[in-house]
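# Structural description and commentary
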Amino acid sequence: MMTEEKLTILKKNGQVAAAMIAAMIGVLSLGISHMISVLSEDAKLFIHEVGKAWIPGAEGIGPYSGKESFMLIGWGLSWLILYFALRNRDVKLSHYTLLFMIGISIATLLVWTPFVHIIAK
Amino acid sequence: MAETTSRERNSLKNAVIAGWVILTVFLGFVLGFSAPWEDLMGESPFASIATIHGMFATLGVIIGSATGYLGWRLLLGHLKAYRDLRILATISAVLAFLAAVSGNMIYTAYRGEGGPREFFKGNFPEIHEIFFEFKEFIGLFPLPIAVAATFILWKYRDSLPVDENIRNAVGVMIAVAWTVLMIVFVLGAAITKLMAV
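This one's a predicted model, so the numbers in the text were calculated from it and none came from an experiment.

What follows is about the overall build of chain A. What chain A contains, in helices and strands, is 7 helices and 0 strands. Tracing chain A from N to C terminus, the helices and strands come up as α-α-α-α-α-α-α. Its C-alpha radius of gyration of 18 Å places chain A more than 25% over the 14 Å reference for a compact globule of 121 residues. By its C-alpha atoms, chain A is 60 × 30 × 15 Å across when sized along the principal axes. Residues counted as buried form 40% of the 121 residues belonging to chain A. Restricting to contacts in chain A with at least 6 residues of sequence separation, those with at least 24 account for 72%.

This is the structure in structure tokens:
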């Protein structure tokens, strides 16, 4: 009886989708914040300020500290929201897996300098 | 009779392990205290943290490759060693975190006056702008991915053997993290070869 109940709970795969998509949002946040910092000097300064607010030695590593911060904020916040939104739901996991792969590919392009320069032009 | 044989086998195994540990510790002490490590590390004030970062990265690749292999077996539906995968994925996630933190510390040296960034910008700007920048960013990718995969492997450990969709999701995540890890490691080694901190 207990085992059946446990398996029923675990069959809800929403938490898998939440963890996977939150990781993707985290790396996308990194890529987007990098792209924004290339496009705007003001945004670059703001991003650096965010990093300086809490990362030790952020002065030495520049705006990278803020981009890391946005990755962590995007990842943590989206995981929290998606966890509560999807934890009791059964979702079509193959769609989320595909979305994860597309998101990671976009994030990779956003940190590839030749691509960033094309967009910045 | 069978019990005696099993006991003898266990005692032989224990003797081999004990011998191996004793020899390793002995050689470790001899090499550790007699080698001129300062010469090998160089004079940079960042030599220690650079070495630590390199060790985390190397360990990450070794453990990450073992995790990647088990993840591939998981994706194919051939995995039996679920417990091994859970443990290796957990270690991989911890190493991804440690490599990122130590990477932050060494990045200060990279950007500092007279550091590699200045050298590359003056001599080979593409090395910094394309390869290093790419490495520094995708080097962070394995952290959230490995943590998410580890979470799923522990949380859904009962479902994994029977749910192909969850296996596929985790298998893909591990494959992505491993691929990124290899790219970062190769780029890191290549850039360090041109100029270390």
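So that's the structure; there's more coming.
Another point: the domain arrangement of chain B. It is common to give the size of an interface as the accessible area lost on bringing the parts into contact. When the domains of chain B are assigned, the result is domain 1 (7–38) and domain 2 (45–194). The distance between the C-alpha centroids of domain 1 of chain B and domain 2 of chain B comes to 30 Å.

A general tendency of soluble globular proteins is for nonpolar side chains to be buried together. Counting 66 residues, the largest nonpolar core has Ala 19 and Met 20 of chain A together with Ala 148, Ala 149, Ile 152, Met 173 and Ala 177 of chain B as its most contacted members. Going through the elements one at a time, helix 2 (14–39), helix 5 (64–86) and helix 6 (93–110) of chain A together with helix 3 (47–76), helix 4 (82–111), helix 6 (125–138), helix 7 (142–155) and helix 8 (164–194) of chain B are the ones with two or more residues in this core. Ranked by residue count, the leading element in this core is helix 2 of chain A, at 13 residues. Excluding anything up to four places from it in sequence, Ala 19 of chain A contacts Trp 79 of chain A together with Ala 148, Phe 151 and Ile 152 of chain B.

Criteria and cut-off values
- Residues numbered from 1 in each chain as written.
- Chains lettered and ligands numbered in written order.
- Predicted model: local features only at pLDDT ≥ 70, side-chain atom pairs only at ≥ 80, totals over all residues.
- Helix = DSSP H or I, 4+ residues; strand = E, 2+ residues; numbered from the N terminus.
- Rg over C-alpha atoms; globule rule 2.2 N^0.38 Å.
- Buried ≥ 20, exposed ≤ 12 C-beta atoms within 10 Å, placed from the backbone.
- Contact = placed C-beta atoms within 7 Å.
- Domains from an automatic or database assignment.
- Core = buried A, V, L, I, M, F, W, Y, C linked by C-beta atoms within 7 Å.

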